[in-house]
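Spelled out, the chains give:
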Amino acid sequence: MIQVYNTLGRALEPLEPRRDGEVSMYVCGPTVQSDPHVGHGRSAVAFDVIRRYLQWRGYRVTFVRNVTDVEDKIIAAANELGIDPSVHAARVAERFRQAFADLGVLDPDVEPKATDHIGEMLDLIARLIERGLAYAAPNGDVYFSVRTLESYGKLSGRDPDELRSGARVEVSEAKEDPLDFALWKAAKPGEPAWESPWGSGRPGWHIECSAMAEKYLGASFDIHGGGSDLIFPHHENEIAQSEGVSGEVFARYWLHNGMVNLGGEKMAKSTGHVIDLASAVERFGGPAVRLFYLRAHYRSPLEFSEELLDDARASLDRLARLMSRSAGGDGAPDRSVLDAFAAAMDDDFATPEGLSVLFDTVRDANRALDAGEEADALLAAVGEILGVLGLEVDVVTDLSDLEAAVGGLVGSLALTATGSVAGDLDAIVEARRQARADRDWSKADEIRDKLSDLGIVVEDGADGSHWHRR
């Protein structure tokens, strides 16, 4: 059974969806104020893998990830650039979309934009007022009254009596209590605004997700995800709004990914302490950045490191070399490998342990191929795990353009042709290994150089020497 760490309760719990065989997920997507950084990519990849794994385990997953395209910081950024906030938000949203695609993140089933759901937000605010949980201030703002909800603070563990304005609590003289938060903000000159029963204005940040989640998943659903920096106040306030209106449990499981740190400090758009995601993808490749994320548990903090990204890229090369060695792997995957992978991932989606199973299998498959043994089941298992993790590797299957040159090299080394280009390359690499064992360094170097002239790179590792196409 899959166990998940539920922030609501701070404990591992068995995943028991509301409906058998179905999982409904809402994940807080980007606030499109500025270009995505490496921290944004981590959250997107973390919940993409969770979604993929649940589907692999047989669940029908409905995955909703929103786009916040109206918010204070978006307006401020647009004003600095001298453009309309909606134009700025659309441009940045497209950059997020491209960056997530480069990381292999699947499109959500539904990707609602906040500005397309103002009507749903107004309806939710009206219901909160009717229940006595919110009030309209004389200046046109509408606020949620935090102290009317006894359960407030249950997600973050914060006591309302200990909270102070300024500590992620917005200050306003219009509030009846400093802890109250905005559901609707009265219009200001030069800002986008919509008509409402309380006057022209725009929604507060928190009401957006509550309204969109309710529209697409209902008043109660299975998993709500996002970064750990959203636990308070955003997710706490979502719970207050949604459960205050419905009286139902908003989300059964709250999953939060850890932050990506840079020099020991959290990456944050607000401080400019960031590594641009598009630049990281351009330099290291999307799959390498994705693998870098997956080597840490999704809940753990992760320190940005170019060395770790280089290592991730080398590991992908290792995977590509294996998958390029054989055209096999199309049969049934090794069940014991998949069972070991599932056991790792069932423990709160532990990708580091899942990757350990993957690379142990890579080692075993290489050894089998080196010995001339059957490896199709292992290769098929590797391919299936790569799909679950969303990792793409460049597999070389067509070597026909090298047939004549490789055949000539086989002849010059007095080797026996195997009947396939890949097999002949394996034989040549084995001849180089033997030359090294015999301390015939000049012959080993000659073989390496001739392969390099053909665009074939030979790399030596703990599990032997393997080739791949440059």
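Structural notes on the nonpolar core
So, point 1. M25, L54 and F349 are the most contacted members of the largest nonpolar core, which totals 79 residues.
So, point 2. Here the element with the most residues in this core is helix 1 (residues 38-56); it accounts for 9 residues.
So, point 3. Filtering out sequence-adjacent residues up to four positions away, L54 remains in contact with I2, L15, V23, M25, Y59, V61, I223 and F349.

Points about the packing of aromatic side chains
So, point 1. Applying the stated criterion to the full structure yields 13 aromatic pairs.
So, point 2. Aromatic side chains W56 and F341 sit 5.6 Å apart centroid to centroid with 70° between the ring planes, which places their arrangement in the edge-to-face category. Taken together, the residues W56 in helix 1 and F341 in helix 10 (residues 335-345) connect sequence positions 285 residues apart.
So, point 3. Look at W56 and you get partly exposed, because its relative accessible area is 23%.
So, point 4. For F341, a relative accessible area of 0% gives the class buried.
So, point 5. Between the aromatic rings of Y135 and Y143, the centroid separation amounts to 5.9 Å while the plane-to-plane angle is 35°, which identifies the pairing as tilted. The same class applies to Y135 and to Y143, which are both buried.
So, point 6. One aromatic cluster is present, formed by Y53, W56, Y298, F341 and F349 through successive ring pairs.

So, the packing of helix 10 against helix 11 (residues 351-370)
So, point 1. Closest axis-to-axis distance for the helix 10/helix 11 pair is 7 Å, and the angle between their directions is 165°. Here helix 11 runs roughly antiparallel to helix 10, going by the angle between their axes. Remark: the crossing between helix 10 and helix 11 carries right-handed chirality. For the pair helix 10 and helix 11, the contacting residues are V337, A340, F341, A344 and M345 in the first and T351, E353, G354, V357 and T361 in the second.
So, point 2. Per-class residue counts for the contact of helix 10 with helix 11 are 6 nonpolar, 3 polar and 1 charged.

A word on the pairing of strand 9 (residues 221-227)
So, point 1. For strand 9, a buried count of 7 out of 7 residues is recorded, marking the element as mostly surrounded by other parts of the structure.
So, point 2. Direction of pairing for strand 9 relative to strand 10 (residues 251-257): parallel, over a ladder of 6 bridges. Bridging across to strand 10, G225 finds its partner in L255.
So, point 3. This β-α-β element, strand 9 to helix 6 (residues 231-246) to strand 10, shows right-handed connectivity.

Considerations on the pattern of salt bridges
So, point 1. Under the defined criterion, the tally for this structure stands at 27 salt bridges.
So, point 2. Among the salt bridges present, the one from K185 reaches D72, with a minimum N-O distance of 2.9 Å. Linking K185 in strand 7 (residues 181-186) with D72 in helix 2 (residues 72-81), this pair joins segments that are 113 residues apart in sequence.
So, point 3. In this structure, K154 and E243 form a salt bridge, with 2.8 Å as the shortest nitrogen-oxygen distance. Of this pair, K154 sits in the loop between strand 6 (142-144) and strand 7 while E243 sits in helix 6, and the two are 89 residues apart along the sequence.
So, point 4. Note on K154: relative accessible area 36%, which makes it partly exposed.
So, point 5. Owing to a relative accessible area of 14%, E243 belongs among the buried residues under this scheme.

Examining the side chain of S305
So, point 1. Following the sequence through the fold, S305 ends up in the loop between strand 13 (302-303) and helix 9 (306-325).
So, point 2. A polar contact is formed between the side chain of S305 and the side chain of E307, at a distance of 3.1 Å.

Some points on the sheet that holds strand 9
So, point 1. Ordered by their spatial adjacency, 4 strands build an open sheet running 4-3-9-10, and the pairing between neighbours is parallel. Across the chains shown, the open sheet's two edge strands, defined by having one partner strand only, are strand 4 (60-65) and strand 10. With strand direction ignored, the average angle separating the axes of adjacent strands in the sheet is 20°.
So, point 2. Pairing of strand 3 (residues 22-27) with strand 4 involves 6 bridges; the strand directions are parallel. The residue of strand 4 that forms the bridge with S24 is T62.

With respect to the sheet that holds strand 7
So, point 1. What the 4 strands build is an open sheet, ordered 5-6-7-8; its pairing is antiparallel. Edge positions in the open sheet fall to strand 5 (134-136) and strand 8 (201-203), since each of these has one partner strand only. With direction set aside, neighbouring strand axes in the sheet form an average angle of 20°.
So, point 2. The pairing of strand 7 with strand 8 spans 3 bridges and is antiparallel. Looking at the pairing, K185 lines up with R202 of strand 8.

Parameters at a glance
Residues numbered from 1 in each chain as written. Predicted model: local features only at pLDDT ≥ 70, side-chain atom pairs only at ≥ 80, totals over all residues. Heavy atoms only, no water. Core = buried A, V, L, I, M, F, W, Y, C linked by side-chain atoms within 4.5 Å. Buried < 20%, exposed > 50% of the residue type's maximum accessible area, 1.4 Å probe, protein only. Helix = DSSP H or I, 4+ residues; strand = E, 2+ residues; numbered from the N terminus. Contact = heavy atoms within 4.5 Å. Phe/Tyr/Trp six-rings, centres within 6.5 Å; stacked < 30°, edge-to-face > 60°. Axes fitted to C-alpha atoms, helices over the stretch in contact; angles between N-to-C directions. Parallel < 35°, antiparallel > 145°, perpendicular 65-115°, else oblique. Left-handed = near helix turned anticlockwise from the far one by under 90°. Nonpolar A, V, L, I, M, F, W, Y, C, P; charged D, E, K, R; others polar. Pairing = 2+ DSSP bridges. Right-handed = clockwise from strand over helix to strand, strands pointing away. Salt bridge = Lys/Arg side-chain N within 4 Å of Asp/Glu carboxyl O. Polar contact = N/O pair within 3.5 Å; in protein donor to acceptor, adjacent residues only side chain to side chain.

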